[in-house]
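One-letter residues, chain by chain:
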Amino acid sequence: MGKVTGFMEFERLEQAHEPVAQRKTHFREFITPLSQQEAKQQAARCMDCGTPFCTFSCPLHNVAPEFNDLVYNEDWEKAYHVLSSTNNFPEFTSRVCPALCENGCIMNYTQRAMGVKSIERAIITNAWNQGWVKPEPPKEHKDKSVAVVGSGPAGLACAQQLARMGYAVTVFEKNKRPGGLLRYGIPDFKLDKSLIDRRIAQMENEGVQFRCSTSIGVPDHPHGIWNDSERTIDVSELLRDFSVVVLAVGSETPRDLQVKGRDLKGIHFALEYLPVQNKHNASEPFDEDISAKDRKVLIIGGGDTGSDCLGTAIRQGAEKVLQIDLGPKPPETYDKSMVWPNWPAVMRTSTSQEEGGERDYAISTKEFLSDGEGRVRGVKAVRLEWMKDPVTGRRTFKEIPDSEFEIESDLVLLAMGFLHPSSPVMDAFGVQTDMRGNAQAAYEGKDAFRTNVPKVFAAGDCRRGQSLVVRALAEGRRCAEAVDKFLSDEQN
Ligand SMILES: Cc1cc2nc3c(=O)[nH]c(=O)nc-3n(C[C@H](O)[C@H](O)[C@H](O)COP(=O)(O)OP(=O)(O)OC[C@H]3O[C@@H](n4cnc5c(N)ncnc54)[C@H](O)[C@@H]3O)c2cc1C
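Predicted, not measured: the structure shown is a model, and the values here were computed from it.

K.L.:
Can you walk me through the side chain of Lys 117 in this structure?
P.N.:
With respect to the helices, strands and loops of the structure, Lys 117 is situated in helix 10 (residues 116-130). Buried charge without a partner: Lys 117 forms no salt bridge, and the closest opposite charge is Glu 102, 6.9 Å away. In this view, Lys 117 contacts Thr 93, Ser 94, Arg 95, Val 96, Cys 97, Ala 99 and Glu 102; residues no more than four positions away in its chain are not counted.

Okay, here's the thing in structure tokens:
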């Protein structure tokens, strides 16, 4: 523990954000990391409380008390090694993670939590600047090979861990460049893509091979799934050529809203819209330009994907933006004694939501309205009343009579979450799915991450369902351990 009285002396310090008026004019990152001096002071707030709920709350089980102490004592290089011992890519999580660790911080119970995320960012920024982040090629190579299908955070973490263990790893990705949703889903203003390129270079120097624009198993993916592939490799070929195949194909099937008028022009899934802007920024080609410029944008879905659409639409020059949700407005406050250290359902405002637009709740969309020329001009919606079922305790809703109203919009973005991985990909491998359509494989135990198909493992959103970058990284790392265990068995 760095400074015994630190938690009483120092207030939590937030990283500086570029003012809204300025940052709305570009697509670059706008958060400045803490200086080393500031990070040292913030690290002094950690009480090393003995039962580190931060470590417990983080899916990667980061050892925040350890690296906080090292930062306070200015041993930045060791702090980097401690941080990277549980997290392959802290520069990603320190930008996009909701920081489950901070929610679990014991100080969150009575005052303001440790700024674990900002300290993490200071450590990894400094480590890259100092040249401490180097390729870590294996000392010995093994004679077994692994194909990782999908280059999102789960695939990348799995590939890096296995390559460092000595396996010959090839990552196959249907899109043009590696990164999965880090590259084409998350907007550049939250995560600069040069950070991914830098890691890919590191991984290549560790021996990982990347084969992009290459779809495994299926040439054509269903509507709503981004596909840049130029070639297809058959599943049998992959199973023939590699000792193990890891599926890290994400949860790409978007939830649709099949109401009257769905086929009108101007209605898009979030992941038809967001990748276009990221590709624009990277000067990559794309088929259809979808822009919110001068449009009245309606985002259906109140979550993070919707919030990313909002920030993007604002930057593109939308006339106005409304984000609506089926669920009721969350409470502004909550009783910590009932919830901590778990994640509370509470009203949150993202940096994009700070920038403009409006939000509305408890609304169900009944119909998309046509302008008479095949383009959407708005939606017909109805207000909902939410209540708890007295018997089951479950939340239910009913439509409020005579509450029907229209929302004007000439660009509707569907951001209602993702259901499961692409079914044709699962079918091509013959992988059994669970009730939700995700690859059926355990998280723990002797068969961890193994599907019903011999030699085929599954990790990340395609196994657990749509989630978070930090969870995908944790899955990728654990899956690599399971693959290593499997391949270390002489018989496999
Ligand atoms: C718009 C958006 C914003 C988000 N923002 C955040 C955030 O701020 N913070 C956060 O923690 N989480 C965020 N998430 C969630 C997070 O991005 C995901 O949980 C995470 O990326 C899942 O990682 P993954 O590796 O399992 O899958 P993905 O990142 O989805 O990667 C899967 C990859 O597999 C490839 N693939 C699929 N099928 C094939 C095939 N047959 N052949 C070859 N390649 C294939 C896909 O092209 C894709 O690149 C966001 C999600 C979205 C949609």
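K.L.:
Would you take a moment to explain the UniProt feature "domain: Dihydroprymidine dehydrogenase" (unreviewed entry) in the protein for this structure?
P.N.:
As recorded in UniProt, the feature "domain: Dihydroprymidine dehydrogenase" (unreviewed entry) lies at residues 24-131. Between the end C-alpha atoms of residues 24-131 there is a gap of 33 Å, over a span that is 57% helix and 2% strand.

K.L.:
It is not clear to me how the packing of aromatic side chains should be interpreted in this structure. Could you clarify?
P.N.:
The description of two aromatic rings rests on the distance between their centres and on the angle between their planes. What the rule picks out here adds up to eight aromatic pairs. An angle of 70° between the planes, with centres 5.6 Å apart, marks the rings of Tyr 443 and Phe 449 as edge-to-face. Residue class for Tyr 443 comes out partly exposed when judged on its relative accessible area of 26%. The class of Phe 449 is buried, set by a relative accessible area of 1%. Arranged with centres 5.5 Å apart and planes meeting at 70°, the rings of Phe 457 and Phe 486 form a pair that is edge-to-face. Here Phe 486 lies in helix 21 (residues 469-488) and Phe 457 lies in strand 20 (residues 456-458), a separation of 29 residues in the sequence. According to the relative accessible area criterion, Phe 457 is buried, its value standing at 1%. A connected cluster of aromatic rings, assembled from ring pairs, spans Phe 53, Phe 56, Tyr 109 and Trp 340. One Lys or Arg, Arg 478, reaches over the ring of Tyr 443 and ends 4.4 Å from the middle of that ring.

K.L.:
Sorry if this is basic, but what is going on with the packing of helix 3 (residues 36-43) against helix 5 (residues 64-72) here?
P.N.:
A pair of packed helices is characterised by two quantities: the angle between their axes and the separation of those axes. Closest axis-to-axis distance for the helix 3/helix 5 pair is 8 Å, and the angle between their directions is 130°. One finds that helix 3 runs oblique with respect to helix 5. Seen along the crossing, helix 3 lies across helix 5 with a hand that is left-handed. Between helix 3, through Ala 39, Lys 40 and Ala 43, and helix 5, the contact on the second element is made entirely by Asn 68, Val 71 and Tyr 72. Split by residue class, the contact of helix 3 with helix 5 holds four nonpolar, one polar and one charged.

K.L.:
Sorry, what's going on with the domain arrangement of the protein here?
P.N.:
Often, the extent of an interface is quoted as the loss of accessible area upon association of its parts. Splitting the protein by domain gives domain 1 (6-130), domain 2 (145-253 + 418-488) and domain 3 (256-414). Just the C-alpha atoms count here: the centres of domain 1 and domain 3 sit 31 Å apart. The interface is formed by 20 residues belonging to domain 1 together with 17 residues belonging to domain 3. Counting the surface lost from both domain 1 and domain 3, the interface buries some 1600 Å², and carbon and sulfur atoms represent 61% of this. Taken as a group, Phe 27, Asn 103 and Tyr 109 account for 41% of the area that domain 1 buries against domain 3, more than any other trio of residues on that side. The interface formed by domain 1 and domain 3 contains two salt bridges. If you look at where domain 1 meets domain 3, you find 11 residue pairs in polar contact (both at pLDDT 80 or more). Only helix 2 (20-23), helix 4 (53-57), helix 8 (100-104) and helix 9 (107-110) provide two or more residues apiece to the side of domain 1 that touches domain 3. Of the residues belonging to the side of domain 1 that touches domain 3, the class tally is 11 nonpolar, seven polar and two charged.

K.L.:
In this structure, what is going on with the nonpolar core? I would like to understand it.
P.N.:
Side chains that are nonpolar tend, in soluble globular proteins, to be buried together. Judged by nonpolar contacts, the single largest core of 77 residues is most densely connected at Phe 67, Ile 123, Val 146, Val 246, Phe 457 and Val 483. A per-element tally of this core places helix 21 first, with 11 residues. Counting only domains with at least three residues in this core, you end up with domain 1 (6-130) and domain 2 (145-253 + 418-488). Non-local contacts of Val 246, meaning those with residues more than four positions away in its chain, are made with Val 146, Ala 147, Val 148, Val 149, Cys 158, Phe 457, Cys 479 and Val 483. Among the nonpolar cores identified, the runner-up in size contains 21 residues, and Ala 147, Leu 238, Val 431 and Cys 462 belong to it.

K.L.:
When you look at the pattern of salt bridges in this model, what are you seeing that I'm missing?
P.N.:
Between side chains of opposite charge, pairing is possible as soon as their charged atoms come close. Counted by the stated rule, this structure contains 39 salt bridges. Taking the shortest distance from any N to any O, the salt bridge between Glu 252 and Lys 174 comes out at 3.0 Å. With Glu 252 in the loop between strand 8 (244-247) and strand 9 (253-254) and Lys 174 in the loop between strand 4 (168-172) and helix 12 (181-184), this pair connects stretches of sequence that are 78 residues apart. Residue class for Lys 174 comes out buried when judged on its relative accessible area of 10%. For Arg 177, the salt bridge identified is with Asp 197, shortest N-O distance 3.3 Å. Here the residue Arg 177 occupies a position in the loop between strand 4 and helix 12, and Asp 197 occupies one in helix 13 (residues 194-205), the gap between them amounting to 20 residues.

K.L.:
Mind showing me how you'd approach the sheet that holds strand 12 (residues 320-324) here?
P.N.:
Taken together, five strands build an open sheet; the order of strands is 10-18-11-12-13 and the sheet is parallel. Each end of this open sheet is capped by a strand with a single partner; those strands are strand 10 (267-269) and strand 13 (358-360). Strand-to-strand twist across the sheet, computed as the mean angle between neighbouring axes with direction ignored, equals 20°. Direction of pairing for strand 11 (residues 296-300) relative to strand 12: parallel, over a ladder of five bridges. Considered in strand 12, the bridge of Val 297 is made with Val 321. Where helix 15 (residues 270-281) meets the sheet, its contacts fall on strand 10 and strand 18 (411-414), and the angle it forms with strand 10 comes to roughly 80°.

K.L.:
Could you clarify how one ought to interpret the packing of helix 11 (residues 153-165) against helix 21 in this entry?
P.N.:
Packing of helix 11 against helix 21 leaves a shortest axis separation of 7 Å and a crossing angle of 35°. Our pair here, helix 11 against helix 21, has a crossing hand that is right-handed. Taken together, the residues of helix 21 that come into contact with helix 11 (itself represented by Pro 153, Ala 154, Ala 157, Cys 158, Gln 161, Leu 162 and Met 165) are Val 469, Ala 472, Leu 473, Gly 476, Arg 477, Cys 479, Ala 480, Glu 481, Val 483 and Asp 484. Here the residues of the contact of helix 11 with helix 21 are counted per class, giving 12 nonpolar, two polar and three charged.

K.L.:
What am I meant to see in the environment of Glu 406 here?
P.N.:
Note on placement: Glu 406 falls in strand 17 (residues 405-408). For Glu 406, a relative accessible area of 48% gives the class partly exposed. As a C-alpha pair, Glu 406 and Asp 434 span 28 residues in sequence and 38 Å in three-dimensional space. If near-sequence neighbours (up to four positions away) are discounted, Glu 406 is found in contact with Leu 369, Arg 377 and Val 379.

About the thresholds
- Residues numbered from 1 in each chain as written.
- Predicted model: local features only at pLDDT ≥ 70, side-chain atom pairs only at ≥ 80, totals over all residues.
- Heavy atoms only, no water.
- Helix = DSSP H or I, 4+ residues; strand = E, 2+ residues; numbered from the N terminus.
- Buried < 20%, exposed > 50% of the residue type's maximum accessible area, 1.4 Å probe, protein only.
- Lys, Arg positive; Asp, Glu negative; His and termini not counted.
- Salt bridge = Lys/Arg side-chain N within 4 Å of Asp/Glu carboxyl O.
- Contact = heavy atoms within 4.5 Å.
- UniProt positions renumbered as here; feature names shortened; annotations may be inferred.
- Phe/Tyr/Trp six-rings, centres within 6.5 Å; stacked < 30°, edge-to-face > 60°.
- Lys NZ or Arg CZ within 6 Å of the ring centre and 35° of its normal.
- Axes fitted to C-alpha atoms, helices over the stretch in contact; angles between N-to-C directions.
- Parallel < 35°, antiparallel > 145°, perpendicular 65-115°, else oblique.
- Left-handed = near helix turned anticlockwise from the far one by under 90°.
- Nonpolar A, V, L, I, M, F, W, Y, C, P; charged D, E, K, R; others polar.
- Domains from an automatic or database assignment.
- Buried area = accessible area lost by both parts, 1.4 Å probe.
- Polar contact = N/O pair within 3.5 Å; in protein donor to acceptor, adjacent residues only side chain to side chain.
- Core = buried A, V, L, I, M, F, W, Y, C linked by side-chain atoms within 4.5 Å.
- Pairing = 2+ DSSP bridges.

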